[in-house]
Amino acid sequence: MKSFLILFSGALFGAGLVISGMTDPARVIGFLDILGNWDPALAFVMGGAVTVFGCGLLLLRKTGTRICSTKLPDTSADPISKRMAVGSAIFGIGWGLGGFCPGPAIANLSVLRIEALVFIPLMVLGMFLAQRSFGLDR
Amino acid sequence: MNFIEPLIGGVLIGLGSLLAMAASGKIPGISGIVAKIIRPKSGDVGWRALFLIGLIAGAGLSLLMNLGWQGYSLPEGRGMVVFALAGLLVGFGTRMGGGCTSGHGVCGMGAGAKDALVYTLIFMVAGVATVAAWNLVTQGGVAG
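Now for a quick tour of the structure. (Residues numbered from 1 in each chain as written. Chains lettered and ligands numbered in written order. Predicted model: local features only at pLDDT ≥ 70, side-chain atom pairs only at ≥ 80, totals over all residues. Heavy atoms only, no water.)

Description of the overall build of chain B
A tally of regular secondary structure across chain B gives six helices and zero strands. For chain B, the succession of helices and strands along the chain, N to C, is α-α-α-α-α-α. Along the three orthogonal principal directions, the C-alpha set of chain B runs to about 50 × 35 × 30 Å. Residue burial in chain B is summarised as follows: out of 144 residues, 53% are buried. (Helix = DSSP H or I, 4+ residues; strand = E, 2+ residues; numbered from the N terminus. Buried < 20%, exposed > 50% of the residue type's maximum accessible area, 1.4 Å probe, protein only.)

Structure representation (structure tokens):
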């Protein structure tokens, strides 16, 4: 049951990426082009996702609901770290170059898009290098 | 502006993240999921692999069934070298930064965590600045 739910949740996520337009690199770049020809539509993706996730989490916590008797993780904030701030900036630069963040790149593997096939092995390499430098804390 | 499809897609992404978190007991950020499959800490690779398989299947089915946006085009002037460099930076940055658009953006901000909000703002600003700089260099004008 748990395995099925995880598989299903992944499918919802993947469908959401395609339906929203997040898997289209040019559209993502258009969303980031605030200083040029800005296409603000993708703000609704983050808006919708954050709202649903936030309200759902509150509801699960309030009602004490557990799925497959799994305990919810700790989602409280940690102090801001310089390392993570710099890392986030590096991620943003990569995102602005290609228009891919990790989820949409993986979603594009479903139809074997060549850019995803180039992007993902190097993303994995980058993760490996960062893990060797900084460990696996998050 | 068509915002209905982005909104529906966003709701699905939020639901998928919520359900994955409730069933796994972990915060399901995509970069963390991938990273912990590459170098597993404990034996819990299983749910992460299942989530990614589901993600690829869900995306593939949506494309097959012509749901939503469907479009796919490359931003101007970006060749394979750019995608390769972008992949390296995204992989390194998301691990050094502890999360990506889903972990910090959807889950972290959804849970009201202040650190996630700060990191999300940082990668958004860096992305906007990168696109502006790219346009400036390649087209000689920010408005492109």
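There is more to say, and it comes next.
Some points on the packing of helix α2 (residues 25-32) of chain A against helix α6 (residues 114-139) of chain B
Where α2(A) contacts α6(B), the axes come no closer than 8 Å and their chain directions differ by 100°. One element, α2(A), and the other, α6(B), form an angle in the roughly perpendicular class. Only M124(B), G127(B), V128(B) and V131(B) of α6(B) make contact with α2(A), whose side of the interface consists of I29(A), F31(A) and L32(A). Partitioning the contact of α2(A) with α6(B) into residue classes produces six nonpolar, one polar and no charged. (Axes fitted to C-alpha atoms, helices over the stretch in contact; angles between N-to-C directions. Parallel < 35°, antiparallel > 145°, perpendicular 65-115°, else oblique. Contact = heavy atoms within 4.5 Å. Nonpolar A, V, L, I, M, F, W, Y, C, P; charged D, E, K, R; others polar.)

Quick word on the interface of chain A and chain B
Contact with chain A, which involves 104 residues of that partner, is made by 105 residues of chain B. Summing both partners gives a buried area of about 9700 Å² for chain A against chain B, and 78% of it is carried by carbon and sulfur. Where chain A packs against chain B, one counts zero salt bridges. The interface formed by chain A and chain B holds 18 residue pairs in polar contact (both at pLDDT 80 or more) in total. Put simply, the parts of the chain that give the side of chain A that touches chain B at least two residues each are α1 (2-20), α2, α3 (43-63), α4 (82-98), α5 (102-107) and α6 (114-134) of chain A. In terms of residue class, the side of chain A that touches chain B is made up of 64 nonpolar, 28 polar and 12 charged. (Buried area = accessible area lost by both parts, 1.4 Å probe. Salt bridge = Lys/Arg side-chain N within 4 Å of Asp/Glu carboxyl O. Polar contact = N/O pair within 3.5 Å; in protein donor to acceptor, adjacent residues only side chain to side chain.)

Let's talk about α4(A)
Between its first and last C-alpha, α4(A) extends 25 Å over 17 residues, near the 24 Å set by a 1.5 Å rise per residue. Most of α4(A) sits inside the fold, with 12 of its 17 residues counted as buried. All of the buried residues in α4(A) are R83(A), M84(A), A85(A), G87(A), S88(A), F91(A), G92(A), G94(A), W95(A), G96(A), L97(A) and G98(A). For α4(A), the secondary structure elements touched by its buried residues are α2, α5 and α6 of chain A together with α4 (80-96), α5 (101-110) and α6 of chain B. Looking at the residues trailing α4(A), positive phi occurs at G99(A), about 80°. (Expected span 1.5 Å × (residues − 1).)

Things to note about the state of the cysteines
Per the stated rule, a full pass over the model turns up zero disulfides over all chains. You can see C68(A) has no disulfide; the closest cysteine sulfur is in C107(B), sitting 18 Å from it. Judged by its relative accessible area of 34%, C68(A) is partly exposed. The cysteine C107(B) is free of any disulfide, with C100(B) supplying the nearest cysteine sulfur at 8.8 Å. (Disulfide = S-S within 2.5 Å.)

Thoughts on the side chain of D115(B)
Considering the arrangement of structural elements, one finds D115(B) in helix α6. In terms of polar contacts, D115(B) uses its side chain to reach the backbone amide nitrogen of D78(A), at 3.0 Å.

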